[in-house]
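Chain by chain, the residues:
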Amino acid sequence: LFRVVLPWLEPSVESVARRRARIESTERLRDGLKILLVEDSIDNQALIKVYLRGQPISVDVAKHGAEAVEKTKQETYDLILMDIQMPVMDGIEATCQIRELGIQTPVVALTAHALPEEVERSLRAGCVAHLTKPLARADLLNEITRWSTAVRGDAVS
């Protein structure tokens, strides 16, 4: 039998304010934003759709990278949320092919891999950001806000 004692730290005013600012930033989402979610896991698709519920966003789903490439040939999206590990065609290859088509839609990588070399790999492929799973709702909405602002032509910080 063993016992672990962890100190309880009260959240600082700064961390609470920062968290509130991240959540409030989602209020700037452009109405009618069209997102392509490329995700093979039905559970992750459902979770992301729950995270996006109530937002002025329409979501189209592709189950793998090859389907995503085909959808980007047929439709125009404001943002692509791209899982990296998928069957048929992974997110890295799909992003490279999308870029080879001349499509400049921002692509945000979604992956469980957070190592610096994995982040660099997704950025080299043409992704504009890299979010690690499990996704936090505030982080996802923050990236969507950030890149939907870029789509409008505003500055991206």
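Residues numbered from 1 in each chain as written. Predicted model: local features only at pLDDT ≥ 70, side-chain atom pairs only at ≥ 80, totals over all residues. Heavy atoms only, no water.

Along the backbone of the chain there are six helices and five strands. Reading the secondary structure of the chain in the N-to-C direction produces α-β-α-β-α-β-α-β-α-β-α. Counting over 157 residues, the chain shows a buried share of 41%. Sequence-distant contacts, at least 24 apart, represent 64% of the contacts inside the chain between residues at least 6 apart. Per element, the accessible surface of the chain, about 9300 Å² overall, is 53% carbon and sulfur. (Helix = DSSP H or I, 4+ residues; strand = E, 2+ residues; numbered from the N terminus. Buried < 20%, exposed > 50% of the residue type's maximum accessible area, 1.4 Å probe, protein only. Contact = heavy atoms within 4.5 Å. Areas by Shrake-Rupley, 256 points an atom, 1.4 Å probe, with all protein chains shown as cover.)

Averaged over all residues, the pLDDT of the chain is 84; the fraction at 70 or higher stands at 76%. When the elements of the chain are averaged for pLDDT, helix α1 (residues 13-24) gives the smallest value, 50, and helix α3 (residues 65-74) the largest, 98. Every residue in residues 152-157 is under pLDDT 50, and counting partners more than four places away or in other chains gives nine contacts. (pLDDT = per-residue confidence, 0-100.)

What follows concerns the sheet that holds strand β1 (residues 33-38). A sheet is described by the order of its strands in space; here five strands give the open sequence β2-β1-β3-β4-β5, paired in parallel fashion. On the outer flanks of this sheet lie β2 (57-62) and β5 (129-132), each paired with one strand and no other. Pairs of neighbouring strands in the sheet enclose a mean axial angle of 20 degrees, with direction left out of account. Examined bridge by bridge, β1 and strand β3 (residues 79-83) share four bridges and lie parallel to one another. Of the residues in β3, the one forming a bridge with V38 is M82. (Pairing = 2+ DSSP bridges. Axes fitted to C-alpha atoms, helices over the stretch in contact; angles between N-to-C directions.)

A few words now on the pattern of salt bridges. Within this structure, the stated rule accounts for eight salt bridges. E70 is paired through a salt bridge with K73; the nearest N and O atoms lie 3.1 Å apart. Taken together, the residues span about one helical turn, with E70 and K73 both in helix α3 at a distance of three residues. (Salt bridge = Lys/Arg side-chain N within 4 Å of Asp/Glu carboxyl O.)

Here A129 lies in strand β5. A129 has contacts with V107, V108, A109, L123, E143 and W147, leaving out every residue within four places of it along the chain.

Applying the stated criterion to the full structure yields zero disulfides. The thiol of C96 is not disulfide-bonded; the next cysteine sulfur, from C127, is found 8.4 Å away. A residue is classified by how much of its surface remains accessible, and C127, at 6% relative accessible area, is buried. (Disulfide = S-S within 2.5 Å.)

The element strand β4 (residues 107-111) is extensively covered by neighbouring structure, given that five of its five residues are classed as buried. Neither face of β4 is left uncovered, since the one carrying V107, A109 and T111 and the one carrying V108 and L110 both have all their residues buried. Alignment of β3 against β4, held across four bridges, turns out to be parallel. Looking at β4, one finds that M82 is bridged to A109. Note on the crossover from β3 through helix α4 (residues 91-100) to β4: the handedness is right-handed. As paired elements, β4 and β5 share four bridges and run parallel to each other. (Right-handed = clockwise from strand over helix to strand, strands pointing away.)

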